[in-house]
Amino acid sequence: MRTPDFIAHVTTCCTHHVDERRLEVAEISPDAAPLVETLAALTRGGKRLRPVLAWIGWRAAGGGAGSHPALDRLTVSLELFQAAALVHDDVIDRSATRRGQPSAHRRFETLHGQQAFTGDPVHFGTSGAILAGDLALSWAGEAFAGAEAAARDRHGAEEALAAARRSFQQMHTQVITGQYLDVHAEVAPAAEDEGQAVVRARQVLRYKAARYSTEHPVVLGAALAGAQEPLRRLLAAAALPVGEAFQLRDDLLGVFGDPETTGKPVGDDLREGKRTELVAYGLFRSPAPAARELEAMLGDPELSAASVERAREILTDAGAVAEVERSIESLLERSHEEVRRLREAGVAEDVLKDLQDVSDRLVRRSR
């Protein structure tokens, strides 16, 4: 199976799983249908980054290039977990769009108006989105339990299965904690120096997004195929730097990106007050007047296009963009070193090529 075929297969698996759950929800009440429609919309699209990396991990451990019930259910679980993270993230960030479409809470707000419901539409929208995200997490756990059972039927390697369960549980804890740290960073006293600011930003980036975007999926795929600890460790070491580089690229796109690429209005990270590495370098490497100007922009929901352009100018002049680009290159070089170790460990060349292709596609995105 080639990568495009695998991605199409993941879409089919997600559709089938959501359709089954749709019937279950409909038996409770047809009024709850919008919960399922929200998750159906989120699991129809996207890059399928996490399922592809799970497939790479599966193949690295000898699971084969074709489909298997354990892999199928794992990919569904990862897509549902991602859907939950996106829904909750958009609520927290008060984002109006996701992938160029209304975010989940805005979909529920619109439903409130269309159905002439009583009460506060904003509160209804937020409530509906939180519940949709919770439902996605529940379904993700259900799908993962199915993946575990199918993997046990395949090989019964209890140590590897226990490692998969730990990784799945850690993924939940890390993402939720990282999301809280992101919220905390927006309101906590500012860092005293650049080093502290960068450490805080990288901590948020790593635990909120990077590890669950790359490291956990590839490790989960490998573990469910029966991989032992040395191979899982090598795969994690190769994947995590790519996840961090991917998120640093997202930080750049959040300020300098094209909305057609990002699916979100340009400058939203500034309006939300995100304390990214990019912003940290801009604040601490700019002349004092420019740093104060940039600081005043952070968290301003009414930030104009002209102000966003001025922020870009400050960040560029301070060398913040160039510094983030250097960090991305350094992370990719670290990943390449780990890929060489995977080659020495006997991982097949076609698997390593697919890992490299995913890395390049994630990090080399155009602004």
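Residues numbered from 1 in each chain as written. Predicted model: local features only at pLDDT ≥ 70, side-chain atom pairs only at ≥ 80, totals over all residues. Heavy atoms only, no water.

J.: Explain unusual backbone geometry to me, and be specific about the residues and the numbers.
T.: Look at Arg48: it is not a glycine, yet its phi comes out positive at around 60°. Inspection of the secondary structure puts Arg48 in the loop between helix H2 (33-44) and helix H3 (49-60). In this model, Arg94 sits at a positive phi of 55°, which is unusual for a non-glycine residue. Mapped onto the elements, Arg94 comes out in the loop between helix H4 (69-93) and strand E1 (97-98). According to the relative accessible area criterion, Arg94 is exposed, its value standing at 71%. (Helix = DSSP H or I, 4+ residues; strand = E, 2+ residues; numbered from the N terminus. Buried < 20%, exposed > 50% of the residue type's maximum accessible area, 1.4 Å probe, protein only.)

J.: I'd like to hear about the nonpolar core, residue by residue, with values.
T.: Counting 108 residues, the largest nonpolar core has Ile56, Leu74, Leu220, Leu224, Leu278, Ile328 and Leu342 as the members making the most contacts within it. Looking at this core element by element, the count peaks at 14 residues for helix H9 (residues 229-256). Filtering out sequence-adjacent residues up to four positions away, Ile328 remains in contact with Ala245, Leu248, Arg249, Leu252 and Val363. (Core = buried A, V, L, I, M, F, W, Y, C linked by side-chain atoms within 4.5 Å. Contact = heavy atoms within 4.5 Å.)

J.: Let's hear about the packing of helix H13 (residues 288-297) against helix H14 (residues 305-317): which residues, and what values?
T.: With their axes 10 Å apart at the nearest point, H13 and H14 run at an angle of 135° to one another. Comparing the axis directions of H13 and H14 gives the class oblique. Seen along the crossing, H13 lies across H14 with a hand that is left-handed. Listed contacts from H14 to Ala290, Glu293, Leu294 and Met297 of H13 are Ser307, Arg310, Ala311, Ile314 and Leu315. (Axes fitted to C-alpha atoms, helices over the stretch in contact; angles between N-to-C directions. Parallel < 35°, antiparallel > 145°, perpendicular 65-115°, else oblique. Left-handed = near helix turned anticlockwise from the far one by under 90°.)

J.: Kindly report on helix H12 (residues 277-285), identifying the contributing residues and their values.
T.: For H12, the buried fraction is high: seven of the nine residues fall into the buried class. Listed as buried for H12 are Glu277, Leu278, Val279, Ala280, Tyr281, Gly282 and Leu283. Elements that come into contact with the buried residues of H12 comprise helix H8 (194-224), H9, helix H11 (268-271), H13, H14 and helix H15 (320-344).

J.: Got a sec to walk through the pattern of salt bridges? Specific residues and values, please.
T.: A complete count under the given rule lists 38 salt bridges for this structure. A salt bridge links Arg22 to Asp19; the nearest nitrogen and oxygen atoms lie 3.1 Å apart. One end of the pair, Arg22, and the other, Asp19, are both in helix H1 (residues 3-28), three residues apart, so they sit about a helical turn from each other. When its relative accessible area of 34% is taken as the criterion, Asp19 is described as partly exposed. The shortest N-O distance in the salt bridge between Lys274 and Glu186 comes to 3.2 Å. Here Lys274, found in the loop between H11 and H12, pairs with Glu186, found in helix H7 (residues 158-187); they are 88 residues apart in sequence, far enough to count as distant. Each of Asp89, Asp90, Asp93, Arg98, Asp182, Glu186, Lys208 and Lys274 takes part in one network of salt bridges that share partners. (Salt bridge = Lys/Arg side-chain N within 4 Å of Asp/Glu carboxyl O.)

J.: How would you explain H4 if you had to name every residue and give the values?
T.: Residues that lie three or four places apart on an α-helix share one face, since the helix turns once every 3.6 residues. Look at H4: 36 Å from first C-alpha to last across 25 residues, which is about the 36 Å you get at 1.5 Å a residue. For H4, a buried count of 21 out of 25 residues is recorded, marking the element as mostly surrounded by other parts of the structure. One or two steps after H4, the chain reaches Arg94, where phi turns positive at roughly 55°. (Expected span 1.5 Å × (residues − 1).)

J.: Please provide a residue-by-residue account of the environment of Leu231, values included.
T.: Among the secondary structure elements, Leu231 is positioned in helix H9. Taking the C-alpha atoms as reference points, Leu231 and Arg206, separated by 25 residues in sequence, lie 21 Å from one another. The contact partners of Leu231, leaving out residues within four places of it in the chain, are Ala60, Ala61, Leu342 and Val347.

J.: Describe the packing of aromatic side chains, naming the residues involved and giving the relevant values.
T.: Taken as a whole and judged by the stated rule, the model has five aromatic pairs. Ring centres of Phe81 and Tyr212 lie 5.4 Å apart, and the angle between their planes is 65°; this geometry places the pair in the edge-to-face category. Here the residue Phe81 occupies a position in helix H4, and Tyr212 occupies one in helix H8, the gap between them amounting to 131 residues. Ring centres of Phe144 and Phe168 lie 4.0 Å apart, and the angle between their planes is 5°; this geometry places the pair in the stacked category. Placement of the pair is Phe144 in helix H6 (residues 121-154) and Phe168 in helix H7, with a sequence separation of 24 residues. The burial state of Phe144 is the same as that of Phe168; both residues are buried. Among the aromatic residues, ring-to-ring pairing joins Phe108, Phe117 and Phe124 into one connected group. Arg59 extends its terminal NZ or CZ atom over the ring of Trp55, reaching a point 4.3 Å from the ring centre. (Phe/Tyr/Trp six-rings, centres within 6.5 Å; stacked < 30°, edge-to-face > 60°. Lys NZ or Arg CZ within 6 Å of the ring centre and 35° of its normal.)

J.: Tell me about the side chain of Asp93, and name the residues and values.
T.: Looking at the secondary structure, you find Asp93 in helix H4. At 2.7 Å, the side chain of Asp93 forms a polar contact with the side chain of Lys274. With near-sequence residues (within four places) excluded, Asp93 lies in contact with Glu186, Lys208, Glu272 and Lys274. (Polar contact = N/O pair within 3.5 Å; in protein donor to acceptor, adjacent residues only side chain to side chain.)

J.: Could you give me a rundown of the side chain of Arg271, with the residues and numbers involved?
T.: By secondary structure assignment, the location of Arg271 is in helix H11. A polar atom in the side chain of Arg271 sits 2.7 Å from the backbone oxygen of Val266. Side-chain polar atoms of Arg271 contact the backbone oxygen of Leu303, separated by 3.1 Å.

J.: Residues and numbers for the state of the cysteines, please.
T.: Tallied over the entire structure, the rule returns zero disulfides. Sulfur of Cys13: no disulfide; nearest cysteine sulfur belongs to Cys14 and is 7.0 Å away. Judged by relative accessible area, Cys13 falls into the buried class, the value being 14%. Of the residues examined, Cys14 reaches a relative accessible area of 2% and is grouped as buried. (Disulfide = S-S within 2.5 Å.)

The values are spatial; any link to function lies outside them.
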